[in-house]
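Here are the chains, one letter per residue:
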Amino acid sequence: MTPDDIKTRIQSALPDAEISVVDTTGGGDHFSATVVSSAFADKGLVDRHRLVYGALGEAMRGSHAPIHALALTTETPEEYRRR
Amino acid sequence: MNEPLKKRITDTIAKGRVMLFMKGNPSMPQCGFSAAVVGVLKEIGTPFESFNILADNELREGLKEYSSWPTFPQLYVDGKLVGGADIVRDLHARGELKKIVAGAPPAASA
């Protein structure tokens, strides 16, 4: 799994999203992602993360999933501009 | 998901008002993310129950499906999923976690 693979999958579910993904250990299984999308408006953090997990589907499911850990930051464009 | 497993999951979530599903146990977490959530809960001083998902593969896989959440740790308060390690740390940094644990409904933006 590469950061670009992850970015592509999230992008297909959230077309408007600005996404940055970092391979935090260099091992291709622990990642950190920031996703900024208007789709997160009016959603709680749990539902925001579920949207991203849903986009990654099988890549995060099961004991042999290629993604072992994904640290997520999910913001709307307004929240991102404010910080 | 079969009914007995679903019932086992809901019964286990109901074991504590503040219920943490983690890798390992609070005195010996087996994952940095689980350790981080234990640390936050200890910091805010709330009593909590925990369940070691490494010791029960059926419940581990079932809970992922039940909660539509593919990773652990998972923290529940009053039977509701609060989040995983990122969300718990984020809520704690904003002072929200203590309120949620105290029984306040989460803020709309949380």
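The structure this text deals with has already been given above.
Within any chain, residue numbers begin from 1 and follow the written order of that chain's sequence. Chains carry letters from A onward and ligands carry numbers from 1 onward, assigned in written order. Under the rules for a predicted model, residues below a pLDDT of 70 receive no local features and side-chain atom pairs below 80 are neither given nor counted, while totals for whole chains, interfaces and linings still include all residues. The side-chain numbers reported here are obtained from all heavy atoms of the structure, hydrogens and water having been left aside.

Student: Would you take a moment to explain the interface of chain B and chain A for this structure?
Tutor: How big an interface is tends to be stated in terms of accessible area lost as the parts join. Each partner contributes to the interface: chain B provides 17 residues, whereas chain A provides 12 residues. In what follows, salt bridge is the name for a side-chain nitrogen of Lys or Arg lying within 4 Å of a carboxyl oxygen of Asp or Glu. Across the chain B-chain A interface, the total number found is zero salt bridges. Secondary-structure elements contributing two or more residues to the side of chain B that touches chain A are α3 (57-67), β6 (80-83) and α4 (85-93) of chain B. Under the convention adopted here, Pro, Cys and the residues Ala, Val, Leu, Ile, Met, Phe, Trp and Tyr are nonpolar, Asp, Glu, Lys and Arg are charged, and Gly plus all remaining residues are polar. Class assignment for the residues of the side of chain B that touches chain A results in eight nonpolar, four polar and five charged. Should any heavy atoms of two residues lie within 4.5 Å, those residues are considered in contact. For helices the rule is a DSSP run of H or I covering at least 4 residues; for strands it is a run of E covering at least 2, with both sets numbered from the N terminus onward.

Student: Could you clarify how one ought to interpret the sheet that holds strand β2 (residues 30-36) of chain A in this entry?
Tutor: Strand pairing in a sheet takes place through backbone hydrogen bonds and is either antiparallel or parallel in direction. Residues and elements named next belong to chain A. One open sheet accounts for three strands, arranged β1-β2-β3; its pairing is mixed. What marks the edges here is a single partner per strand, and that holds for β1 (18-23) and β3 (69-75). When strand polarity is set aside, the average angle formed by the axes of neighbouring strands in this sheet is 10°. Sheet topology places β1 next to β2; six bridges connect them, and they run antiparallel. Looking across to β2, one finds that Glu-18 is bridged to Val-36. Pairing between two strands is assigned when DSSP locates at least 2 bridges connecting them. Only the contacting stretch of a helix is used when fitting its axis, a line to C-alpha atoms as for every element, and angles between N-to-C directions run 0 to 180 degrees.

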